Structure formats: structure tokens, C-alpha cells
Amino acid sequence: MPLDVTVGTIVAGYRIERELGRGASGAVFLARDEHLDRPVALKLLSPELAADERFRERFLRESRIVAHLDHPGVVSVYA
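Caption draft 1: Highlighting the sheet that holds strand 3 (residues 26-33). Read from one edge to the other, the open sheet built from four strands follows the order 1-2-3-4, with strand pairing classed as antiparallel. Two strands lie at the open edges of the sheet, namely strand 1 (10-11) and strand 4 (38-45), each paired on one side alone. Alignment of strand 3 against strand 4, held across eight bridges, turns out to be antiparallel. Along strand 4, the bridge assignment pairs leucine 30 with alanine 41.

Caption draft 2: Spatial organisation of the packing of aromatic side chains. Enumeration according to the criterion identifies zero aromatic pairs in this entry. A cation over an aromatic ring shows up here: arginine 38 above the ring of tyrosine 78, its NZ or CZ 4.0 Å from the ring centre.

Caption draft 3: Structural detail: the nonpolar core. Core analysis: the biggest nonpolar cluster contains nine residues, these being Leu3, Tyr14, Ile16, Ala27, Phe29, Ala31, Val40, Leu42 and Leu44. If you list the elements that add at least two residues to this core, you get strand 2 (14-22), strand 3 and strand 4. If near-sequence neighbours (up to four positions away) are discounted, alanine 27 is found in contact with Leu3, Gly21, Arg22, Leu42, Lys43 and Leu44.

Rules and cut-offs
Residues numbered from 1 in each chain as written. Predicted model: local features only at pLDDT ≥ 70, side-chain atom pairs only at ≥ 80, totals over all residues. Heavy atoms only, no water. Pairing = 2+ DSSP bridges. Helix = DSSP H or I, 4+ residues; strand = E, 2+ residues; numbered from the N terminus. Phe/Tyr/Trp six-rings, centres within 6.5 Å; stacked < 30°, edge-to-face > 60°. Lys NZ or Arg CZ within 6 Å of the ring centre and 35° of its normal. Core = buried A, V, L, I, M, F, W, Y, C linked by side-chain atoms within 4.5 Å. Buried < 20%, exposed > 50% of the residue type's maximum accessible area, 1.4 Å probe, protein only. Contact = heavy atoms within 4.5 Å.

Below, the structure written as C-alpha cells:
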């Protein structure tokens, strides 16, 4: 999965600080929200999956579901 994002790159208002991990669907980065000046975990999909409309729809659907959860063991979804 060629997902080449370097430290300092700004993606959708988030400045990449470091990579946290990679998986089958993409990579997760520690980033800083440039508008609210707070740390966030930013998941970027692999280019192959980002190009797949059905996968993007499923990813958004799952994100919306998780955004409604409020539990200390679940990461909050902001955007």
C-alpha cells in the first residue's frame, strides 16, 4: 500500500507528526488539528481503497456509528 505521507505534511487541516501504525485499510498518524490546536489520530485510507466507492461508503457508515458512542475504551470521532 503506497501511502507516502511525511512529517509536517498538512492533510485536510491536520499536520502530520508521526505514524502510529498501518493495517489492511490504511495508516493511522498522530496529527495536530491546525484549527483547534489539539492532537488527533488521523486515519488515511490506502489509495486503492479510497478509490473504491463501496469501501468509502462503508468506512463513512462505520465512522458515523462510532461517532455516536461515548465510552472510555472507544476513540472519539470528530470528523
